[in-house]
Structures are given as structure tokens and as C-alpha cells.
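Overview (structure and organization)
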Amino acid sequence: MPEMKDPLTGLDRYEGFLKKLEEEITKMDDCRIAIIYTDIKHFKYINDTYGYQRGDDLLKEFVHLLTVNNAHMLCAARVYSDNIVMAVRMTEGRANSDLRDIVYRKNIELENKLHDMFLDRKLKLCSGISIISKDDRRLDAETAVSNANLARKVAKELDEDCCVLFDRQMMEGIKKEVEITSYIPTAIENGEFKVYYQPKIETNTLRIIGAEALVRWQKPDGKFIYPDEFIPVIERSGQIVDVDYYVYREVFKFLRKRLDEGQKVVPISMNVSRVHLNKMGILEYVKSLFEEYKIPSELVEFELTESIYINNTENALQLVEGLHAMGTKVSMDDFGSGYSSLNLLSRLPIDILKLDRVFLKESHLQENDKIIISCVIDMARRLRITSLCEGVETLEQSDYLAQIGCEIQQGYYFSKPIPQIDFEQFVNDSLQTQAMA
Ligand code: C2E
Ligand code: CA
Ligand code: CA
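Residues numbered from 1 in each chain as written. Chains lettered and ligands numbered in written order. Predicted model: local features only at pLDDT ≥ 70, side-chain atom pairs only at ≥ 80, totals over all residues. Heavy atoms only, no water.

Considerations on unusual backbone geometry
Note the threshold: Secondary structure follows DSSP: runs of H or I at least 4 residues long count as helices, runs of E at least 2 residues long count as strands, and numbering of each begins at the N terminus.
Notably, D334 is not glycine yet its phi reads approximately 60°, a positive angle. Within the secondary structure, D334 is located in strand β11 (residues 329–335). We note that R384 has phi near 60°; this positive angle belongs to a residue other than glycine. With respect to the element layout, R384 can be found in the loop between α14 (367–382) and β13 (386–389).

Printed below as a string of C-alpha cells:
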């Protein structure tokens, strides 16, 4: 007969747990049962650093603290490694969100106890909770556990809130993500991604001096999906790398076409997702595009969002240096949108500072906002970094930026991002007017 208990923790084996839970669900009256699925973040690190014996001791203590004197507990098991699941009977009248708060507080208490006993660094517990009520008694034990586990995975992705309650909406969100990620290869193959261009305007001359390439996804039925809807999803799945490469190739192709036709061209900047930092294949890829399309390097720029630099400064620095070695300019995108580190500006060899549109959140600028923008622009000038302001929507904003010496402007006031064909017209018109003036 297989062992019924897990020898390390003394808890039920998972199969036994499911059986017990199944029984509890069948005989459930008016009460609700909560499944709490918990694991220790970076447990592998603890094993690797302190040894397996210490890891095992910690796990035993963790389970002991979790289950001892818990009058509500119905059953518990170690699913594997440091993944512990337990079922508890919920007190009548208690709101689901109250239970979440209780688990949250209990986790913090446990973290502190374990920290005092074992480690010189803080560890974090992550829990997902799913609740079975009388109405969904048909829910089988395995689905209930898998819902709690799903909520735990969501909790693990969040930095602060390490305790998440499962709900149907979450399920919908995850379903949507799977739909998107499984369709991406087909979308790339079908050419559903289109590159739009948003002109950048030189403040002094009011003529176009560049553009930013922004991806658009147009489904076969003509509907657009905007970057904010799908980029975070495909960043999580890593597929953003393929989409970025697709965009880069389209931009290089476009520049080659204009050059071959003897038309005017302006530098185009492309966005670099944070995901590239973990792979670094981007430098090779861009190099191969330069070789294939023979584009002068001053026509190509890259935008790295501020948070890339902050979260992974070493790799970001390597990437910037690699791009510089090919002769392209690099900008710090979305400056001011997160926790900007001013310190970073003096350490990173960036060429352009793109002020995020949060600085222009009101069409009529407030005095305090004016002070901040003008100081940032002044700082960029002194560091010999070109300043560009994004999200310019009104004449008043544009005039103010001119007054304080912001060199480049980009925003709906001048143009929205537009398809290639319209952008070509924009470049021709803008540069022709210039020639006649
Ligand atoms: P971003 O790089 O900060 O791009 C600027 C966004 O602001 C664009 O949104 C643009 O349409 C919008 N915008 C420009 N001017 C104005 C304005 O005057 N007012 C307002 N309210 N908005 C303005 P979009 O195209 O929806 O892109 C959103 C974000 O998605 C981008 O932010 C960028 O982070 C990401 N993204 C877009 N295309 C790509 C891409 O090809 N690769 C990667 N990795 N990310 C991309
Ligand atoms: Ca950008
Ligand atoms: Ca931006």
C-alpha cells in the first residue's frame, strides 16, 4: 500500500486530500469551504543557499505553523516541493474578502516567525484562495484546487499583494490571454501587424525631424487591437520579441524603399521591450537588418523605457553600448512615468530624453507642472541630452515647450500615429513646404 502521509510534513498525500475534500463538498450544508494554496517565493534560493536540510526544516516549521491549532481546517496536503494546499470551513457570515485579509495577515505573521528562526533575509509567502459555496457544489475538488492555484500564480506576479482571491473575471482574463498568445504566430504570418508612424516635430522650425514606429494589430474583420491591450500580455509570454523584430524589419524595409525611390527620409525610432534584456539577441538581429537593407545608421533610433534602466541597469547599459556601436541613437522613453532615477541620467550614455505625457496631463498647464518640466528640460540641456516632449495636444502646451527650450515635440497636436502611406504624404508635404519657404 502506498504511504498515506507525506513523510516530511506529516500532511496527507495530495490524492488523499482530494478524496477528503470531495467528501466534505458532498456533505456541505450551508457553510462555505475555502481552498488556500500557498507557496514560498524563491524557495529554491533557500535550498541552494542554506542547504537542503535547512530547507526541509523550514518547510516542516512552516507547515506546523500553518496547520497547528487551526480549528477551521478540514484537510491539508503538500502538493509538491513547497506547495501546500489546505481546505478550511468558513465562519458563517464572513465575507470572502475578510478571509483574504485574514490569510494575508497570517502570511505576514508566518513570514516574520520564519525569518526570526531561520534566515538573514526576508522570505515571502504567496497564497491563492478559491471558495466553494453551496451553489457550486458541483464543482469538483480538483477544479477548486486548480482555481486556488491559478489565483496563487496571479499573486506571485504581483509585487506587493501576495494573496489573491480567485474569481470568474480572473478566469476570463486568463482565457483572453491564452487566446491572444496562441494566435500571435498566425497574426504575424497573416501580416495582421501594421506599423504606424507618429511624426516628431522640431520646435525651432516646426518641421518634421523624425518619427516613432508604433505597432497596430488589425484583425481580419478590420477591428484594431491597441498596444496597451496586447503588449503586456505578449511581454509576459515573451512573444513581444517576435513582434518587435517584425516591426523593425518593416521599418528597415520602408526606409530602403524611400531611399531607392530617391525620396526624403527622416530617422525612425523603434520601441525596445524590456523582455529583450534577458535574451540580448536584439543586437545580432539589428546588425543583420543593417547588413541586409544597407540603411545609414543615423536613420535608425531605439527607445528604451525608463523602467528598463532602473530594473536592470547592467544589461541596459550593455544594450545601449551595443546599439551605439552600430551608430544608432538611443532615447530614454517615458521619463517621469515611474520612479525616475535622476542619478541614472548622468550614468547612462543616452542621446534623447523623452518626457512622458504625464507632465502635460492638463491642457492648461499648472504652475507647479511648469516648474518641473522646465527644470527637467534644463537638466537635459546641461547634460547635453536632446529633450523631447510626448503627448503634446494643444497650442498652449506647444508654445510653452518652445519657450523653455524643449527641442522636439510629439503629440496629437501635430499628428496622431498614421499608416505608412499617410506618413509618406506627411513627410513629403512637410519637407516640401520647408523647401519653398
Ligand atoms: P509609448 O512608446 O510611450 O508610445 C506613445 C503612445 O502615446 C502611443 O500609444 C501614442 O499613440 C500615444 N500618443 C502619442 N501622442 C499622444 C497625445 O498627444 N495624446 C495622447 N493621449 N496619447 C498620445 P500607442 O501607440 O497606443 O502605444 C502604447 C504603448 O505601447 C507605447 O507607449 C509603447 O510602450 C508600446 N508599443 C507600441 N508599439 C510598440 C512596439 O512596436 N514595440 C514595443 N515593444 N512596444 C510598443
Ligand atoms: Ca516609445
Ligand atoms: Ca513614451
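On we go from here.
Observations concerning the coordination of the calcium ion (ligand 3)
Four donors placed tetrahedrally around a metal ideally meet at 109.5 degrees, and six donors placed octahedrally ideally meet at 90 or 180 degrees. Basically, it comes down to this: Metal donors were taken as nitrogen, oxygen and sulfur atoms no farther than 2.8 Å from the ion, or 3.2 Å where the ion is Na, K or Ca. Water is excluded, so coordination may look unfinished.
Each protein donor to the calcium ion (ligand 3) is listed here as D333 (OD), D334 (OD), E390 (OE) and E390 (OE); together their distances run 2.2 to 2.6 Å. Counting along the primary sequence, the residues that act as donors to the calcium ion (ligand 3) give the motif D-D-x55-E. Between the calcium ion (ligand 3) and the calcium ion (ligand 2), both coordinated by D333, there is a metal-metal distance of 3.9 Å. Linking D334 in strand β11 with E390 in the loop between β13 and α15 (395–403), this pair joins segments that are 56 residues apart in sequence.

Topic: the pairing of strand β12 (residues 352–355)
We count it as follows: Buried, partly exposed and exposed residues are distinguished by accessible area as a fraction of the type maximum, computed with a 1.4 Å probe on protein chains only: under 20%, between the cut-offs, and over 50%, respectively. Looking down the strands as they point away from the viewer, one classifies a crossover as right-handed if the path from the first strand across the helix to the second runs clockwise. At least two DSSP bridges between two strands are required for those strands to pair.
Neither face of β12 is open: one carries I352 and K354, the other L353 and L355, and all of them are buried. Crossover handedness for the path β11 to helix α13 (residues 342–347) to β12: right-handed. With 4 bridges connecting them, β12 and β13 associate as parallel partners. Within β13, the residue paired with I352 across the bridge is T386. One crossover worth recording links β12 to the parallel β13 by way of α14, and it is right-handed.

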